Amino acid sequence: MSIDRLLTTLLQLYQDVHDDARTEYIYSTTTTLLATLSNPLNLSLLTSQLLVAPAIWGRGPGNGMRACYRVISIFNTAAIHVRRNELENAKPKLPSTPPVGSGMRSDAWAATVVKGADDLSNRWQHLLVLAGLLMGFEGGDRRSLSRSMRNKLEQAVVMATNLALQARDPEPRAPAGPLLLALNFAFPLLSESHRRALDCDALVPAATQAMLAADGLQDALFLGAIDLDVRQTGQQFVWSTTSPSFLLLRQLEQKPLVSGLGPLSKLLAYAIEHARDSEVVLRAQNDLMLFTEKLHQQWQTNKLSEIEPSEEAVFLTTETMRSTWPALWQLLKKIMYGVVAVLHAAVARSLLDPRLRNDAAAPMVATKTLSVLRNLYFISSRNGSDAFQVYTFTYLASIDSLARYPDAAVSFLQHIKPADSGSIPPHPLLRTLDLFYLNLAEHLPLNLPVKACDALIVQPAVTYLTNAAPLSPRMVELYEAAHSAVLSALSCPHSAPIAVELVPFYAETLSSSFPSHISPRQFRLAFKTMMQILSPPFPISESHPQLAEALLEMIRFRSTIASGLPLPPAQDAQSQSVTQEPTSEQSTLVLTLIDSLPFLHLTIFEDWMTLAALALEEIEDSAMRDVAKRRFWQILVSGEMDVERAAIGVAWWGTKGGREAVLYGARGPPPPGTFMMSGAIANDRGESSRL
């Protein structure tokens, strides 16, 4: 069939809706004709008719995004072929050889196609054509267009975007999904000068809607559908790959805006950073908070949320563990990364924008950001998914902003505080929220009133310190977070009134938790911090000077009866990140005494150096004893002591028997002649001669 007849047939097919097979034929034929038509008028006509063809746009509302994606693909593919044909035609050939394809140069072909984006179609449809052209000619570092033509094409993309976003009656409002789909592909190819010409005030709400609503993440409704298909067989849950909810999940992943969620979140973040109106930033943050609340609520009602991460292999079938379960978490992590990228831009702007960093807006931005991160914590706390720089900055910067406003901090903690049940919640998701709360509360006691510090930080942490529960990786994290929260509260100078009553209780709780619930590293750090709190210049050291020595006596007594058997390697992240030396309950207690020495009052400092040295000899294992000796030497020479204690330590080591006590213990130094220098000559009495 000739090109003209094929064009006539295709234009006739455009006028009616067809089945899937015939529609695919229309798409492929359009691509072929765009790359081969040599008449500019026919090329512009084909483009114009394509953008209004009922065969493309009249297939129902569920086909809208797919049609937009296919139109972008058509022009992208056609542009690639036109450039390829241009390069082929540029090669030396016989004069009688006909040109490959249309014979048009890339610049002329692009200009002709753009003329077809006329007033018969909408501005957002023009953007589909422009995005396809820009991708086909300039994507993949192809550099097919001249500088002037590329500049015109980029300018046209920006103009079409702004006109579509600023549509006024009676022109219909541009749909956010197709608009952002095209811009998402074109944005990485725009120069910075053209990016800055985008109307970011209008782009932020459109991009937020495209990301979160029906064309994107569907307001997290996919999680609710999963619960309907999860079945329980015996002690295990089954979520089949043939279930409707999993098929829905796969369809969601294949949506262009979901598969391109990373670039879309970067585009939205750019718009937030450059929007002139700060209110659109706050509205976008509200939308993210509402979306993550729905996501969290949908997950909470799901039966699968009842499974601890460490128990998945027990309570999930092999099929679920291998197929549906990883697919779900891959999508959830993608959502988390996208949302955090947008939050990062909002938080960064709030630090610089005077309209967002004032006393009215700053705490609001911080609390909403932390609320979003709390809603996402069931995702980000899984397998260290929050260990990336963007998340860390967003989290800590929001905490720093909130800490400047004690009233807002108290209000926020009261809003998210765990229920006052006095017991550890049985649901894993509630324990995950408690972990977020304790980790957050640890950063805030310095700026909170004493009563609020006790009610909002100490008491929730005590719930985990006083209630025994089966150990799991999550429970280990919770115990560590609870200890950190209490120590953070005790470390504040203005918390001395509650420290007097809390320290004895906490010391006893800490002692009973080791080694069953906390690692040696955590125990030593906690006790060392507590000794520092009980020492000058903290007020409690003046009001209760005997408290520090009483706690040391408790540790010293326990070390005499503690087990000398090696402890298993610690499972917490900090301990695993360093080389773990052999340790036992007994050696850990002795190391704890040594760690406390730099903080002791001068009146008892020398006595406890001697007691700590004597405790070294009670360590049964020689390798563990050597570890403790090295730590003692490190305390003396590393600069951990101040000038006064260092002077006392030097005198104790050199002239008061400290050296002998540490090196040899109660047995004292070896008799003279026990050690001989290598190569020494012995006299008749067996003594080495001295040089």
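So, here's what we can say about the structure. (Residues numbered from 1 in each chain as written. Predicted model: local features only at pLDDT ≥ 70, side-chain atom pairs only at ≥ 80, totals over all residues. Heavy atoms only, no water.)

Moving on to the environment of Ser622. Mapped onto the elements of the fold, Ser622 is located in helix α33 (residues 622-637). Overall, the relative accessible area of 42% leaves Ser622 in the partly exposed class. For the pair Ser622 and Ile424, spaced 198 residues apart in the sequence, the C-alpha separation amounts to 41 Å. (Helix = DSSP H or I, 4+ residues; strand = E, 2+ residues; numbered from the N terminus. Buried < 20%, exposed > 50% of the residue type's maximum accessible area, 1.4 Å probe, protein only.)

Quick look at the packing of aromatic side chains now. According to the stated counting rule, one finds 18 aromatic pairs in the structure shown. With a centroid separation of 5.2 Å and 65 degrees between ring planes, the pair formed by Tyr377 and Phe436 is classed as edge-to-face. Placement of the pair is Tyr377 in helix α20 (residues 377-380) and Phe436 in helix α23 (residues 428-441), with a sequence separation of 59 residues. Owing to a relative accessible area of 1%, Phe436 belongs among the buried residues under this scheme. Grouped by ring-pair contacts, the aromatic residues Tyr337, Tyr377, Phe388, Tyr391, Tyr395 and Phe436 constitute a single cluster. (Phe/Tyr/Trp six-rings, centres within 6.5 Å; stacked < 30°, edge-to-face > 60°.)

All right, on to the pattern of salt bridges then. Throughout the structure, instances matching the rule amount to 29 salt bridges. Among the ionic pairs, Arg70 bridges to Glu24, the shortest N-O distance being 2.9 Å. One end of the pair, Arg70, is in helix α5 (residues 64-89); the other, Glu24, is in helix α2 (residues 20-36), and 46 residues separate them in sequence. Arg70 sits in the buried class, given a relative accessible area of 19%. Notably, a salt bridge pairs Arg250 with Glu253, separated by 2.8 Å at the nearest N-O pair. Taken together, the residues span about one helical turn, with Arg250 and Glu253 both in helix α13 (residues 244-254) at a distance of 3 residues. With relative accessibility at 16%, the residue Glu253 sits in the buried group. If you follow the salt bridges from partner to partner, you end up with Arg524, Asp595, Arg631 and Glu640 in one network. (Salt bridge = Lys/Arg side-chain N within 4 Å of Asp/Glu carboxyl O.)

As a further point, take helix α25 (residues 473-490). Between the first and last C-alpha of α25 there are 26 Å, a value that for 18 residues agrees with the 26 Å anticipated at 1.5 Å per step. Burial analysis of α25 places 14 of its 18 residues in the buried class, which makes it a mostly covered element. (Expected span 1.5 Å × (residues − 1).)

With that settled, consider unusual backbone geometry. The peptide bond linking Phe514 to Pro515 adopts the cis configuration, its omega dihedral lying at 5 degrees. Along the chain, the position of Pro515 falls in the loop between α26 (496-513) and α27 (520-533). Put simply, Pro536 and Pro537 share a cis peptide bond, and its omega is 10 degrees. Positive phi outside glycine occurs at Asp141, with the angle close to 60 degrees. Summarising the element assignment, Asp141 is placed in the loop between α7 (123-138) and α8 (147-165). Exposure remark for Asp141: the relative accessible area of 57% places this residue in the exposed category. Not every positive phi belongs to a glycine, and Arg143 is a case in point at roughly 50 degrees. Mapping Arg143 onto the fold places it in the loop between α7 and α8.

Attention shifts here to the packing of α5 against helix α9 (residues 176-186). Remark: α5 packs on α9, axes separated minimally by 10 Å, with the N-to-C direction vectors making an angle of 30 degrees. Put simply, α5 runs roughly parallel to α9. Handedness of the α5/α9 crossing: right-handed. Touching Met65, Cys68, Tyr69 and Ile72 of α5 are Gly177, Pro178, Leu181, Ala182 and Phe185, all from α9. (Axes fitted to C-alpha atoms, helices over the stretch in contact; angles between N-to-C directions. Parallel < 35°, antiparallel > 145°, perpendicular 65-115°, else oblique. Left-handed = near helix turned anticlockwise from the far one by under 90°. Contact = heavy atoms within 4.5 Å.)

With that out of the way, let us pick up helix α18 (residues 318-350). Here α18 is 33 residues long and its end C-alpha atoms lie 47 Å apart, about the 48 Å a rise of 1.5 Å per residue gives. At Thr324, α18 shows its strongest bend, of approximately 35 degrees, with the proline Pro326 following within four residues. (Bend = angle between axes of the 7 residues up to and from the residue.)

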